[in-house]
Number of protein chains: 2
Amino acid sequence: MANDTILLDHGSGGKVSHALTRDLLLPVFGNPILNRLDDGAVLDIDAGRLAFSTDTYVVDPIFFPGGNIGDLAINGTVNDLAMCGAEPLYLSVGLILEEGLALGDLKKIVAAMGAAATKADVKIVTGDTKVVPKGAADKIFINTSGVGRIPEGIDVGCDQARSRDVVIISGTLADHGATVLTQREGLTFDAQVASDSAALNHMVRQILNICPQVSVLRDPTRGGVGTALNEIAGQSGVGIKLFEDKIPVKPEVSGICELLGLDPLYVANEGKLLALVPAAQAENVLAAITANEYGRDAAIIGEVTADTPGKVFMQTRIGGSRIVDMLTGEQLPRIC
Amino acid sequence: MANDTILLDHGSGGKVSHALTRDLLLPVFGNPILNRLDDGAVLDIDAGRLAFSTDTYVVDPIFFPGGNIGDLAINGTVNDLAMCGAEPLYLSVGLILEEGLALGDLKKIVAAMGAAATKADVKIVTGDTKVVPKGAADKIFINTSGVGRIPEGIDVGCDQARSRDVVIISGTLADHGATVLTQREGLTFDAQVASDSAALNHMVRQILNICPQVSVLRDPTRGGVGTALNEIAGQSGVGIKLFEDKIPVKPEVSGICELLGLDPLYVANEGKLLALVPAAQAENVLAAITANEYGRDAAIIGEVTADTPGKVFMQTRIGGSRIVDMLTGEQLPRIC
């Protein structure tokens, strides 16, 4: 096999594995903690509450407008930590590489991971690389896990929604899912769409500075806003009412969804958050979100109600009301 | 596809995904932290040093004498944390499932993970499940990441070996690698071999209780004892001398290695550790290890020297000396 592709030997644990780590990963990810290359990283931390999260990324294709599997994997786990109210600090990276993967592709992905980690202000402190024979995986899968510190006094969670909370979305729906799907299917449209993949931890800090009483933070990835809100309604034992005419969707994304028979409510987002906050704070929080580079299209899209616990309803444009159920049936495999 | 296999829909993030988590994973892994099912786990911790580690498991075959990919994935990350001198506390589990995987196989694997976590006294607190279409992965890959607390006064690391330290191995070499390879190749021998997959955190605690001054703890997995000792020699800037006649290898494993052209020094172990300790403490530490259920065949196999920094030498049975290099060339892909 050519010298510019991944070989089984890159996963042997021997000399070639070490060279890959030293020459390709450390120059991008390196920091004093990672550089020790022990079996695990040693972190100095203060007492308190720590958030710990994991996610595996299997997106197909691995490169798409707006990002690639690398920055997606960093941003996704940064966001999962941020949604716990935590300041993300440290990430691990576990790579599964298919024999024959182009080294040039791996370098691009690793570079995107490094840039995303820098932008989110997190350190990659430990990692692992496995190589499987050609055909035993599809190019590259990435697991990232992370730990972060939850500031004193913050208690957000999907079981914390309260009646009269307001539902805010930080921007337009379905950009990521619509983009990946059009790429995968080889569809071309005049309209340019791009993934919204972004780290939201700085936005979360701005929200919590303004309003430490936030009830729920949630990034509506797989399953989309519809599924995320159902989970929140179920875990908190509340009802949620959405206003269809307030839900922001880009016209081009809306068009793609219509063409493909997808409901944007169930399509994955990778750089958006739902914030459920007390009504009295809603405008302040909305202002904080719209001031952030990733929150310009934020909107108040609904409210929490005491009736119909566990259910999500949509008040439609024409004044009717329909139930918004959890996603059933496969919609988009390998979307993240 | 049959009802008793994994469907793409199990990874959709919707209703079927939730049912898989609720009906198959939570009954085995459940605990108050995991049961919240938020994007991440929230952990209460004391100030101090935390170990953080990740590993991805792609072993082929997924079932083998002595274990399966599930307990291997728990034990492996527990061991990586323990080798940092930490008490492993919390694990994450990231599953990549191939469409069509038998649910019965997944249940067996999950049960083994639950049992291994209980035995190691660690909690699974957060997780993620992805499903990829048939052919895009090989049955199941598992990432586990973990965090653990490093007790005050413990400072072990591959850069801490000192001249006159003694090298202890906690048992026989190459059991795991030899077992997996014979299974994969469909070889049958009269001799029964089994993986040594085991969690070593309780053994590590016993070692550190006796000898908090331990220099290095290391589990010689991929690349085996030969590669691990080369890493230690390199990072600590010391030489290491091994005594060939002291290295414990089961006769049946030795026979398999000979037949397959493998050197047991480079074959993976999954339930063994190397401890480098000051010579004055060596007998005490050896006694602590042999008292542990996984340490009965422990032996002193070498010593650290000030000369030949970065190199590992073997004093052979017949009195000669040969260099033990790091593993070069692929030996055993998908061994863990």
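Since the structure is predicted, the reported quantities are computational estimates derived from the model, not experimental observations.

Examining the overall build of chain A
Here's step 1: A count of helical and extended segments in chain A gives 9 helices and 14 strands.
Here's step 2: For chain A, whose C-alpha radius of gyration is 21 Å, the value lies close to the compact-globule estimate of 20 Å for 336 residues.
Here's step 3: Each of the three principal axes of chain A carries a C-alpha extent, and together these read 65 × 50 × 30 Å.
Here's step 4: Within chain A, buried positions represent 62% of all 336 residues.

Looking at the pairing of strand β12 (residues 299–305) of chain A
All names here are of chain A.
Here's step 1: For β12, the tally of buried residues reaches 5 of 7 residues, placing the bulk of the element in the interior.
Here's step 2: In the sheet, strand β10 (residues 239–243) pairs with β12 via 4 bridges, with the strands oriented antiparallel. Its bridge partner lying in β12, I240 is registered against V304.

Overview of helix α4 (residues 103–120) of chain B
Each turn of an α-helix holds 3.6 residues, which means side chains three or four residues apart point in the same direction.
Here's step 1: The terminal C-alpha atoms of α4(B), which comprises 18 residues, lie 25 Å apart, in line with the 26 Å expected from a rise of 1.5 Å per residue.
Here's step 2: Listed as buried for α4(B) are B:L103, B:L106, B:I109, B:V110, B:A112, B:M113, B:G114, B:A116, B:A117 and B:A120.

Here we look at the pairing of β10(A)
Residues and elements named next belong to chain A.
Here's step 1: Most of β10 sits out of view: 4 of its 5 residues are buried.
Here's step 2: The pairing of β10 with strand β13 (residues 312–315) spans 4 bridges and is parallel. Across the sheet, the residue bridging to I240 is V312, located in β13.

Examining the domain arrangement of chain A
All names here are of chain A.
Here's step 1: Domain assignment breaks chain A into domain 1 (8–150) and domain 2 (165–323).
Here's step 2: Taking only C-alpha atoms, the centre of domain 1 and the centre of domain 2 are 27 Å apart.
Here's step 3: Domain 1 puts 20 residues into the contact, and the matching count from domain 2 is 23 residues.
Here's step 4: For the pair domain 1 and domain 2, the summed buried surface comes to about 1,800 Å²; carbon and sulfur atoms form 57% of the total.
Here's step 5: Joining domain 1 to domain 2, the criterion identifies 2 salt bridges.
Here's step 6: Linking R184 and D60 is a salt bridge whose minimum nitrogen-to-oxygen distance equals 3.8 Å.
Here's step 7: Our enumeration of links across domain 1 and domain 2 arrives at 10 residue pairs in polar contact (both at pLDDT 80 or more).
Here's step 8: Within the residue set of the side of domain 1 that touches domain 2, elements represented by two or more residues are α3 (69–82) and α4 (103–120).
Here's step 9: Partitioned by chemical class, the residues of the side of domain 1 that touches domain 2 number 10 nonpolar, 5 polar and 5 charged.

Some thoughts on the interface of chain A and chain B
Here's step 1: Chain A puts 78 residues into the contact, and the matching count from chain B is 78 residues.
Here's step 2: For the pair chain A and chain B, the summed buried surface comes to about 6,000 Å²; carbon and sulfur atoms form 57% of the total.
Here's step 3: Interface area lost by chain A to chain B is led by A:D39, A:F52 and A:R222, which between them contribute 14%.
Here's step 4: Run the count over chain A and chain B and you get 10 salt bridges.
Here's step 5: Residue A:K15 pairs with B:D325 through a salt bridge whose shortest N-O separation is 3.0 Å.
Here's step 6: Here chain A and chain B share 31 residue pairs in polar contact (both at pLDDT 80 or more) between them.
Here's step 7: Among the secondary structure elements, those contributing two or more residues to the side of chain A that touches chain B are α1 (15–29), β1 (41–45), β2 (48–57), β5 (87–98), β6 (123–132), β7 (140–150) and α7 (224–236) of chain A.
Here's step 8: At 9 residues, β2(A) tops the list of elements feeding residues into the side of chain A that touches chain B.
Here's step 9: For the side of chain A that touches chain B, the residue count by class is 32 nonpolar, 25 polar and 21 charged.
Here's step 10: One ladder, built from 5 bridges, connects β1(A) with strand β2 (residues 48–57) of chain B; its direction is antiparallel. Paired with A:I45 across the two strands is B:G48, which belongs to β2(B).

Quick notes on the relation of the copies chain A and chain B
Mapping between the two copies of the chain is achieved by a rotation about an axis and a shift along the axis.
Here's step 1: Expressed as a screw transformation, the operator carrying chain A onto chain B has a rotation angle of 180° and an axial translation of 0.0 Å, and the superposed copies differ by an RMSD of 0.0 Å. Put plainly, the chains are arranged around a two-fold axis.
Here's step 2: A high fraction, 100%, of the interface residues of chain A reappear at the interface in chain B, so the copies pair face to face through one surface.

Let's talk about the sheet that holds strand β5 (residues 87–98) of chain B
Here's step 1: Pairing within the open sheet is mixed, and its 5 strands lie in the order β1(A)-β2(B)-β7(B)-β5(B)-β6(B). Strands at the two margins of the open sheet, each flanked by one partner only, are β1 of chain A together with β6 (123–132) of chain B. Across the sheet, the axes of successive neighbouring strands diverge by a mean angle of 20°, strand direction being ignored.
Here's step 2: Across the face of the sheet, α4(B) comes into contact with β5, β6 and β7 (140–150) of chain B while running at roughly 10° to β7(B).

Quick look at the sheet that holds β13(A)
Residues and elements named next belong to chain A.
Here's step 1: Here we have 7 strands laid out as an open sheet, ordered β9-β11-β8-β12-β10-β13-β14, and mixed in their pairing. In this open sheet, the two strands that pair with only one neighbour each are β9 (216–218) and β14 (321–323). Strand-to-strand twist across the sheet, computed as the mean angle between neighbouring axes with direction ignored, equals 25°.
Here's step 2: Both β13 and β14 contribute to a ladder of 3 bridges, which runs antiparallel. In the sheet register, Q315 faces β14, and the bridge partner there is S321.

A few points about α3(A)
Here's step 1: Taking 1.5 Å of rise per residue, 14 residues should cover 20 Å, and α3(A) covers 20 Å from first to last C-alpha, within 8% of that figure.
Here's step 2: The element α3(A) is largely enclosed, with a buried count of 14 among its 14 residues.

A closer look at the environment of B:I150
Here's step 1: With respect to the secondary-structure elements, B:I150 resides in strand β7.
Here's step 2: For B:I150, a relative accessible area of 4% translates into the label buried.
Here's step 3: Those residues within four positions of B:I150 in sequence are excluded, and the remaining contacts are A:V42, B:R49, B:L50, B:A51, B:C84, B:G85 and B:A86.

Thoughts on the confidence of the model for chain A
Here's step 1: Per-residue pLDDT for chain A has a mean of 93; in total, 98% of the residues score no lower than 70.
Here's step 2: Note on the complex model: pTM 0.95, ipTM 0.94.

Let's talk about the pattern of salt bridges
Here's step 1: Taken as a whole and judged by the stated rule, the model has 37 salt bridges over all chains.
Here's step 2: Among the ionic pairs, B:D159 bridges to A:R36, the shortest N-O distance being 3.3 Å. Remark: A:R36 occurs in the loop between α2 (32–35) and β1 and B:D159 occurs in the loop between β7 and β8 (165–169); the pair is interchain, linking two chains.
Here's step 3: One salt bridge in this structure joins A:K130 and B:D55, with 3.1 Å as the shortest N-O distance.

Reading the values: the criteria
- All residue numbers here refer to positions counted from 1 along the written sequence of the relevant chain.
- Following the order in which they are written, the chains are lettered starting with A and the ligands numbered starting with 1.
- Two thresholds apply to this predicted model, a pLDDT of at least 70 for residue-level local features and 80 or more for giving and counting side-chain atom pairs, whereas whole-chain, interface and lining totals are computed over all residues.
- Note that water and hydrogens are dropped before the side-chain values are worked out from all heavy atoms of the structure.
- Each helix is a run of H or I in the DSSP string that is no shorter than four residues. Each strand is a run of E no shorter than two, and both are numbered from the N terminus.
- For this measure, only C-alpha atoms enter the radius of gyration; the expected value for a globule follows 2.2 Å times N^0.38, where N is the number of residues.
- Exposure classes here rest on a 1.4 Å probe applied to the protein chains alone. A residue is buried below 20% of its type maximum, exposed above 50%, and partly exposed in between.
- Here, a strand pair is defined by DSSP locating no fewer than two bridges between the strands.
- Helix span, as expected, comes to 1.5 Å for every residue beyond the first.
- Those domain boundaries reflect an automatic or database domain assignment.
- Residues count as neighbours in contact if any of their non-hydrogen atoms are within 4.5 Å of one another.
- By buried area we mean how much accessible surface two parts lose on assembly, using a 1.4 Å probe and totalling the loss over both.
- What counts as a salt bridge is simple: a side-chain nitrogen of Lys or Arg found within 4 Å of a carboxyl oxygen of Asp or Glu.
- Here a polar contact is taken to be a pair of N or O atoms separated by no more than 3.5 Å, where protein atoms must pair a possible hydrogen donor with a possible acceptor and residues adjacent in sequence count only if both atoms sit in side chains.
- Any residue outside Ala, Val, Leu, Ile, Met, Phe, Trp, Tyr, Cys, Pro, Asp, Glu, Lys and Arg is labelled polar, Gly included; the first ten of those are nonpolar and the last four are charged.
- Least squares is the method for superposing the copies, and the C-alpha atoms it fits come from residues with pLDDT of at least 70 in both.
- Only the stretch in contact is used when a helix axis is fitted, and all axes are lines through C-alpha atoms; the angle between N-to-C directions ranges over 0 to 180 degrees.
- The predictor's confidence in any single residue is recorded as pLDDT, a number from 0 to 100.

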